[in-house]
Amino acid sequence: MDWQGQKLAEQLMQIMLLVFAVTAFVAGYVLGSFQMMVLLYAGGVTLTGLITIPNWPVFNRHPLNWLDPSEAEKHPKPQVTVSSKKKGSKKTIEPAHRLDPSLPTANLVTLA
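Computed from a predicted model, the values in this text were never measured in an experiment.

Thresholds, definitions, all that
Residues numbered from 1 in each chain as written. Predicted model: local features only at pLDDT ≥ 70, side-chain atom pairs only at ≥ 80, totals over all residues. Heavy atoms only, no water. Helix = DSSP H or I, 4+ residues; strand = E, 2+ residues; numbered from the N terminus. Buried < 20%, exposed > 50% of the residue type's maximum accessible area, 1.4 Å probe, protein only. Contact = heavy atoms within 4.5 Å. Areas by Shrake-Rupley, 256 points an atom, 1.4 Å probe, with all protein chains shown as cover. UniProt positions renumbered as here; feature names shortened; annotations may be inferred. Polar contact = N/O pair within 3.5 Å; in protein donor to acceptor, adjacent residues only side chain to side chain. Patch = residues over 30% accessible without salt bridge, like charges linked within 9 Å, V, L, I, M, F, W, Y side chains within 5 Å. Salt bridge = Lys/Arg side-chain N within 4 Å of Asp/Glu carboxyl O. Expected span 1.5 Å × (residues − 1).

Chemist: Requested: an account of the overall build of the chain, with residues and values cited.
Modeler: From N to C terminus, the chain includes three helices and three strands. Reading the chain from its N end, one meets helices and strands in the order α-α-α-β-β-β. The 112 residues of the chain split such that 13% are buried. Once local pairs closer than 6 in sequence are excluded, the contacts in the chain between residues at least 24 apart make up 41%. Carbon and sulfur atoms make up 65% of the accessible area of the chain, which amounts to about 9,500 Å² in all.

And the structure:
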């Protein structure tokens, strides 16, 4: 399920649960039956689950394009370490080039 599919499934779930809750309440009130209200709502929750939980094709219309592994090896992930000074309250992030001299140099970032 892609990101847009997750958003669609969640919106659909919220709308369906609200509609079934209101419908069950009104039907239970009109019929004067708490049991009927609970049964209608339980059926609505079940139907909502059957519609929104499985990975239906409608929820996978925008698949992610993953990076090819050979291309990923060409661009190594930068390594960043976080260290804190005992005297001050500022934390500094030391770039990876301080750990591995073979990496290109970068500026030191200070967080306030």
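The discussion continues.
Chemist: Give me the lowdown on the UniProt feature "transmembrane region" (unreviewed entry) in the chain, citing residues and values where you can.
Modeler: Those places that UniProt annotates as "transmembrane region" (unreviewed entry) correspond, in this numbering, to residues 12–31 and 38–59. Across residues 12–31 one finds 100% helix and 0% strand; the C-alpha atoms that close the span lie 28 Å apart. End C-alpha to end C-alpha, residues 38–59 measures 29 Å, and it is 68% helix and 0% strand.

Chemist: Summarise the side chain of Thr 52; cite the residues concerned and give the values.
Modeler: Relative to the assigned elements, Thr 52 resides in helix 2 (residues 34–52). Of the polar contacts made by the side chain of Thr 52, one reaches the backbone oxygen of Thr 48; its length is 2.8 Å. Excluding residues within four positions of it along the chain, Thr 52 makes contact with Met 1, Ala 9, Leu 12, Met 13 and Phe 59.

Chemist: Any chance you could break down the environment of Thr 23 for me, citing the residues and the numbers?
Modeler: Mapped onto the secondary structure, Thr 23 falls in helix 1 (residues 3–31). By relative accessible area, Thr 23 is classed as partly exposed at 43%. Separated by 18 residues in the primary sequence, Thr 23 and Tyr 41 place their C-alpha atoms 8.1 Å from one another. Polar side-chain contacts of Thr 23 include one of 2.7 Å to the backbone oxygen of Val 19.

Chemist: Before we move on, can you summarise a nonpolar patch on the surface with the specific residues and values?
Modeler: There is a patch of nonpolar side chains on the surface, built from Leu 18, Val 22, Phe 25, Val 26, Tyr 29, Val 30, Leu 31, Met 36 and Leu 40 and spanning about 950 Å² of accessible area. You can see Leu 31 is positioned in helix 1. For Leu 31, a relative accessible area of 56% translates into the label exposed.

Chemist: Tell me about helix 1, residues and numbers included.
Modeler: The terminal C-alpha atoms of helix 1, which comprises 29 residues, lie 42 Å apart, in line with the 42 Å expected from a rise of 1.5 Å per residue. Its side-chain oxygen placed 3.3 Å from the backbone nitrogen of Gln 4, Asp 2 serves as the N-cap of helix 1. Remark: Gly 32 follows helix 1 within two positions and exhibits a positive phi of approximately 65°.

Chemist: Describe the environment of Met 13, with residues and values.
Modeler: Summarising the element assignment, Met 13 is placed in helix 1. Distance from Met 13 to Leu 47, taken between C-alpha atoms, is 9.9 Å for residues 34 residues apart in sequence. In this structure Met 13 touches Thr 48 and Thr 52, once residues within four positions along its chain are discounted.

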